[in-house]
Structures are given as C-alpha cells and as structure tokens.
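Spelled out from the first residue to the last, the chains are:
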Amino acid sequence: MKTGYSDLNAKNLHQIWKSLVQKNCEDGYNKLYMVAVDIHDAYGSMRQDKLLEIVKETSELYMGQDYMNRTVHMDKLDWKRPPICRELHSSVYNTNHCKTTIRKVSDLMNTVQKAVKYQTIKRKKRLYLITKGLSQAVPLSAALCNLYIAHLDKTRLTELRTKSCDTMIRAVDDYLFITPDNTRACRFFNVMSTGFPDYGLYINLMKTQHNLEASSEIHFFGYVIDSVSLEIYVKFNQGEKTPYRNSMKFSSWTNPIMVMEDKLKRIATFKLNSLTTDLSYMSVEGSMWNVFQTACLAACSFKAMLGSWRTSFDLEALMGLIRYSAENIAKRIRRLRFSDGMWLQETRWLVVRAYWLCLSHGTADRSNFLGDLIPAVETLEEQ
C-alpha cells in the first residue's frame, strides 16, 4: 500500500517464513540472527502533532479519490435473535435496509483529524482533553497507530531494508528483524534502542529478545520461534499471577454447552494453521507439540468455563465436548495440506491426554464436575 500499512496475519506470516527458510537453505547460511522488539506504550506515546501531519500527508496521497460509506439501518425486529445467537455474538442479520453514500477522501481525513484533536475522557463527571497519544477505546486508534509506525518505517528504517538477505516483519508495534549478518542485526538493535524522539516512540527493553550472543527462543506475534531449527511453536503460558480460570466468566450463558463448543473450535482454528504445521520447515514432532499446546489451551479454557458455572452438567455432555474437541483438532490437522505425516488416531489421543493432564492438575481447582470427569477422560484416553 502507499502508506506502508501493516496487516500481518498467520497466513502471510507463513508465506514470509516459508520463503525465508527456503532462501536460507539455498544460500547455506550457518546462522540467522534475530532481534525482536516491542514499542513501549505505542498508543499512548504518539505525538498528536506528528500524527496529524501524517494524516494530512496520507490524504494528499489519495487526493481527489472517493470512498464508499455504508450506513446500515435495521428494524428492531431484526435484533430479536435466539439467545444462543446473542451469546455467540452472531453477526447474521438483514442488511437489505442500508444507505450507501459516496464521499471524498479529504472529507474522511478531516473527520479523522477532528477525532484526534478532540479526544476526551470522562472521570468523576469531568471531561478531560487528551493531548498526547490515542485512547485504545477509540475505534480508529489501531489503524492510526499502524499508520503512524508505518511512516516511521519509511523515514527512519529504510536503510535496514536494502539487502535482500534481510527480513523485517512488523505487526503494528512489534518488530522482528532477521539477517545472516551479525553486524546488521546489532545495527538494528542499536537503532531501535536509541528510540525515535521526533515520534515519541521508544522500545521496551524488558521485552527485547535476540540471539546475537547465544541461541534463544524468540517470541513474536503470539508464537515462539526456535532461532536454531527455525521451527515455529504455539505459545501457551498459564500465568501464575493471573490464573487462566479467573479470566473466564460464563455463568450467565443460557446454553453453555453450545458456547463451550464454539469456544473450543475457535481456539483450534486460531492456533493450528499452516504456519504451525508446515512440514517443509516443521518436524512431525514439532507439529505434534503444537497440537498438544493447542489442546492444553482448549482444556484450560474448558476447565475455566466449568469453574464459573454454578450448577452441575451432565457427564455425558461434557465427555461429548471433549470428544468433539479431539475430533475437531484431528480433522483440522488432516485438512492442512502440509500435515501428511500426522495421523488422526495419534492426534486424537494427544488431545485427550492434554485434557486429562489439565483437568487433573491442581487439587485446589477440583470441583464436583471434575471428580467424575477426570476418571471418565482417563477411560476415554485408553479407548
């Protein structure tokens, strides 16, 4: 895009990573140096005068162009959906009644500038004008932050993109720089460590990771990168300070079984993809480890939902959910074209094993559900 806007996702990260690994094999580099940095408080640190200047420059790039503005008007009856649709945040509604208007990009940019200039926050019946940064609650904040840092890329980091052997990946305010040249990796680290006063942005040194001196894991975009084997693993840590079970509250759902089923499916879809299962750079063992980590995340979510529910569930219904989760993950692995070496039966067993380990872990977390459920899962594991 003209603005350098970054829209990184697992799909295009997989394409980047596969090309990088293939090029590394062809060129025969002994080691790739990686530096991962995170911009500290990117939303709150942006200079508003600089942001307004960038917005103005962006509007000039699209001068005279139009954009479509669609306003949807729905009858109140369309919002009367079944309870489960509301619980799952279904977006299925009638969009026949909508109004489409064509506006100039310059009008849009004027609106954006006003939104930046006149941000307010309410505290104890008083309104305060925000003079630095953007509130993350504002819908435009993510896009404007991305645009702001993209401008920094073009003006301050161009020199680090000149060599074809180097790769720079950005996910909004997170950077990953990869190069076979230790000197260039150190150069990137030094440039980022110095910060960018004219943009008001500095990196969080506590979150900076690299393998400049010794091999280490690199955490980026919700994944863990092995800097030696170049394999990518699913990242899952059950925090000690904030237990996972305390972050899940589902006691108000009218149909919790359907909510759980949807949640477990979403976890598998989000974590298991071509990036974490591509056997062109992943070993079968590494891919199966990603299956296990994903299953552990699903099991902890399942356990958290059980812990927040006040009444008993039918044991067979809970067992059905675990079977569904195992079958869903196994079939997803089979559908991924890169996973020819991974088998259905082994995948199912691994998922069930993860459920048993997570459900049986921690005696303090045991409830009346788990007392009967854990032995049943153990029986399922043996089948």
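Definitions and cut-offs
- Residues numbered from 1 in each chain as written.
- Predicted model: local features only at pLDDT ≥ 70, side-chain atom pairs only at ≥ 80, totals over all residues.
- Heavy atoms only, no water.
- Helix = DSSP H or I, 4+ residues; strand = E, 2+ residues; numbered from the N terminus.
- Buried < 20%, exposed > 50% of the residue type's maximum accessible area, 1.4 Å probe, protein only.
- Contact = heavy atoms within 4.5 Å.
- Core = buried A, V, L, I, M, F, W, Y, C linked by side-chain atoms within 4.5 Å.
- Pairing = 2+ DSSP bridges.
- Expected span 1.5 Å × (residues − 1).
- Salt bridge = Lys/Arg side-chain N within 4 Å of Asp/Glu carboxyl O.
- Axes fitted to C-alpha atoms, helices over the stretch in contact; angles between N-to-C directions.
- Parallel < 35°, antiparallel > 145°, perpendicular 65-115°, else oblique.
- Left-handed = near helix turned anticlockwise from the far one by under 90°.
- Polar contact = N/O pair within 3.5 Å; in protein donor to acceptor, adjacent residues only side chain to side chain.
- Phe/Tyr/Trp six-rings, centres within 6.5 Å; stacked < 30°, edge-to-face > 60°.

Brief notes about the overall build of the protein chain
So, point 1. In terms of helices and strands, the protein chain carries 13 helices and 11 strands.
So, point 2. The buried share among the 383 residues of the protein chain stands at 45%.
So, point 3. Contacts in the protein chain between residues at least 24 apart in sequence constitute 74% of all its contacts with a sequence separation of at least 6.

A word on the nonpolar core
So, point 1. Counting 40 residues, the largest nonpolar core has F302, I322, Y355, L373 and V377 as the members making the most contacts within it.
So, point 2. Counting only elements with at least two residues in this core, the list comes to α8 (256-271), α10 (284-307), α11 (315-335), α12 (344-360) and α13 (368-382).
So, point 3. Ranked by residue count, the leading element in this core is α10, at 12 residues.
So, point 4. The residues touching L373, leaving out its near neighbours within four places in the chain, are F302, L306, L315, L318, M319, I322 and L359.

Overview of the pairing of strand β4 (residues 120-123)
So, point 1. Alignment of β4 against strand β5 (residues 126-129), held across 4 bridges, turns out to be antiparallel. Opposite K122, over in β5, you have L127 as the bridge partner.
So, point 2. Connecting β4 to the next strand, β5, in antiparallel fashion are 2 residues, including K124 with a positive phi near 50°.

Things to note about α10
So, point 1. Given a rise of 1.5 Å per residue, 24 residues ought to cover 34 Å, and the 34 Å separating the end C-alpha atoms of α10 matches this to within 8%.
So, point 2. When you tally the buried positions in α10, you get 20 out of 24 residues, the bulk of the element.

Remarks on the pattern of salt bridges
So, point 1. Tallied over the entire structure, the rule returns 13 salt bridges.
So, point 2. R47 is paired through a salt bridge with D49; the nearest N and O atoms lie 2.7 Å apart.
So, point 3. Accessibility expressed as a relative area gives 32% for R47, which makes it partly exposed.
So, point 4. Measuring nitrogen to oxygen at the nearest pair gives 3.9 Å for the salt bridge that ties E327 to K331.

Re the sheet that holds strand β11 (residues 232-234)
So, point 1. Strands sit in the order β9-β10-β11 across an open sheet of 3 strands; the sheet is antiparallel. On the outer flanks of this sheet lie β9 (217-220) and β11, each paired with one strand and no other. Ignoring strand direction, the axes of neighbouring strands in this sheet form an average angle of 30°.
So, point 2. Inspection of the sheet shows β9 paired to strand β10 (residues 223-226) by 4 bridges, in the antiparallel sense. Note on β10: the bridge partner recorded for H219 is V224.

Observations concerning the packing of α8 against α11
So, point 1. Between α8 and α11, whose axes approach to 10 Å, the crossing angle comes to 25°. Classified by the angle their axes make, α8 and α11 are roughly parallel. Considering the relative orientation of α8 and α11, their crossing is right-handed. Counting all contacts with α8, which are made through I257, M260, E261, L264, K265, A268 and T269, the residues of α11 involved are A317, L318, L321, Y324, S325, N328, I329 and R332.

Details of the side chain of N290
So, point 1. Turning to its location among the elements, N290 is positioned in helix α10.
So, point 2. Within the local environment of N290, its side chain forms a polar contact with the backbone oxygen of T276, the two atoms lying 2.8 Å apart.
So, point 3. Not counting residues within four places of it along the chain, the set of residues in contact with N290 comprises I232, Y233, V234, L272, T276 and M282.

A word on the sheet that holds strand β6 (residues 167-171)
So, point 1. Strand order in the open sheet made by the 4 strands is β6-β7-β1-β8, with antiparallel pairing throughout. Looking at which strands have only one partner, the edges of the open sheet turn out to be β6 and β8 (209-210).
So, point 2. As defined by bridge partners, β6 adjoins strand β7 (residues 174-179) across 5 bridges and the pair is classed as antiparallel. Counted as the bridge partner of I169 is L176 from β7.
So, point 3. Sheet strands touched by helix α6 (residues 141-156): β6 and β7. Its angle to β6, the strand with the most contacts, is close to 160°.

A few points about the side chain of D153
So, point 1. Its location among the elements puts D153 in helix α6.
So, point 2. In this structure the side chain of D153 is engaged in a polar contact, spanning 2.7 Å, whose partner is the side chain of R170.
So, point 3. Setting aside anything within four residues of it in sequence, one finds D153 in contact with T158, R161, R170 and Y175.

Some words on unusual backbone geometry
When glycine is set aside, most residues are seen to have a negative phi, and most peptide bonds are trans.
So, point 1. A positive phi angle is found at D41, which is not glycine, with a value near 45°.
So, point 2. Of note, the phi angle at F221 is positive, near 60°, even though the residue is not glycine.
So, point 3. Looking at the secondary structure, you find F221 in the loop between β9 and β10.
So, point 4. Classification of F221 by relative accessible area gives partly exposed; the value is 30%.

As for the packing of aromatic side chains
So, point 1. Within the structure shown, the criterion is met by 7 aromatic pairs.
So, point 2. On the basis of an interplanar angle of 80° and a centroid distance of 5.6 Å, the ring pair of Y148 and Y199 is categorised as edge-to-face. Placement of the pair is Y148 in helix α6 and Y199 in the loop between α7 (182-194) and β8, with a sequence separation of 51 residues. In this structure, Y148 and Y199 share a single accessibility class: buried.

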